[in-house]
Amino acid sequence: KQREIVAMVDGMNSTDFGQYVNFVTLTLQKKHQNGELTTDEVRVDRKNFNSEGNAFKLLYGWKDDADRSKWLSYKYKTDWSFFGGYSIPGTWKDGDAGAIALAPPFQRKLVDLQGDPQALKDKEVRLVNVTIFYKLGDKEQSVQTSMNPASENFTKRLDFILPTGVNDFDYEVTYIKKGNTTQSSGRKKYNGSTLFVDDF
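First, a word on what this report is: a plain description of the structure on this page. (Residues numbered from 1 in each chain as written. Predicted model: local features only at pLDDT ≥ 70, side-chain atom pairs only at ≥ 80, totals over all residues. Heavy atoms only, no water.)

1. Things to note about the pattern of salt bridges
The criterion, for reference: Just to be clear on terms, a salt bridge is a Lys or Arg side-chain nitrogen sitting within 4 Å of an Asp or Glu carboxyl oxygen. Think of it this way: any DSSP run of H or I at least four residues long counts as a helix, any run of E at least two long counts as a strand, and we number them from the N terminus. Burial classification: accessible surface area is computed with a 1.4 Å probe over protein chains only, and a residue below 20% of its type maximum counts as buried, one above 50% as exposed, and the rest as partly exposed.
The final tally for this structure, using the stated rule, is 8 salt bridges. Close ionic contact of glutamate 140 with arginine 187 constitutes a salt bridge, the shortest N to O distance being 2.4 Å. Taken together, the positions of glutamate 140 in strand β11 (residues 139-147) and arginine 187 in the loop between β14 (182-184) and β15 (188-190) put the pair 47 residues apart, joining distant regions of the chain. For glutamate 140, a relative accessible area of 44% puts it in the partly exposed group.

What follows is the structure in structure tokens.
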């Protein structure tokens, strides 16, 4: 007399979810054959993602649903809210499976920053500032880090999110030289996973 639908966030672990996503809301609607409408909703945030083990349950009942195959069908939509104040409202979709995969409309992007520190020291570079610019909808976001050529470990990694299927982003490298003078690469486009910062 009741049907349970299990929802799971697909392609993200708890660390990724808590770093990028405020919450995702899944709404389920079941129109019964007698005309009644059942609605259930679950909101997944960082707290219950960890506590529920990424398995969230929704229910609807049996209300004069003589045709069992039609009883299995329902509609659902997902609304995503990301850090930085960006949200994506969902559209209604048809479903009949016992599980729903909540696939985020964004993917995690990792960019490794590398270079030859000796080449930079030879050019009297004391600090390298790297900024990556990316867009969530119409809103531009950025991540930034600094690299010291005198450091024993001259590598860094920046991570951010891009729309699924998109790899392009902008970057700018600023070199701080002896005497506190600066030199900039200017803003450039890139789509790779390794960015070399020792190329003036």
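2. Description of the sheet that holds strand β12 (residues 156-163)
The criterion, for reference: DSSP-based pairing: two strands are paired if at least 2 bridges between them are found. Fitting a line to C-alpha atoms yields each axis, with helices limited to the stretch in contact; the angle taken between N-to-C directions then spans 0 to 180 degrees.
An order of β12-β9-β16 is seen for the 3 strands of this open sheet, with the pairing classed as mixed. Two strands lie at the open edges of the sheet, namely β12 and β16 (194-196), each paired on one side alone. On average, adjacent strands in this sheet sit at an angle of 30 degrees to one another, irrespective of strand direction. The pairing of strand β9 (residues 106-114) with β12 spans 8 bridges and is classified as antiparallel. Counterpart to leucine 113 in the pairing with β12 is lysine 156.

Nothing here speaks to function; it is all geometry.
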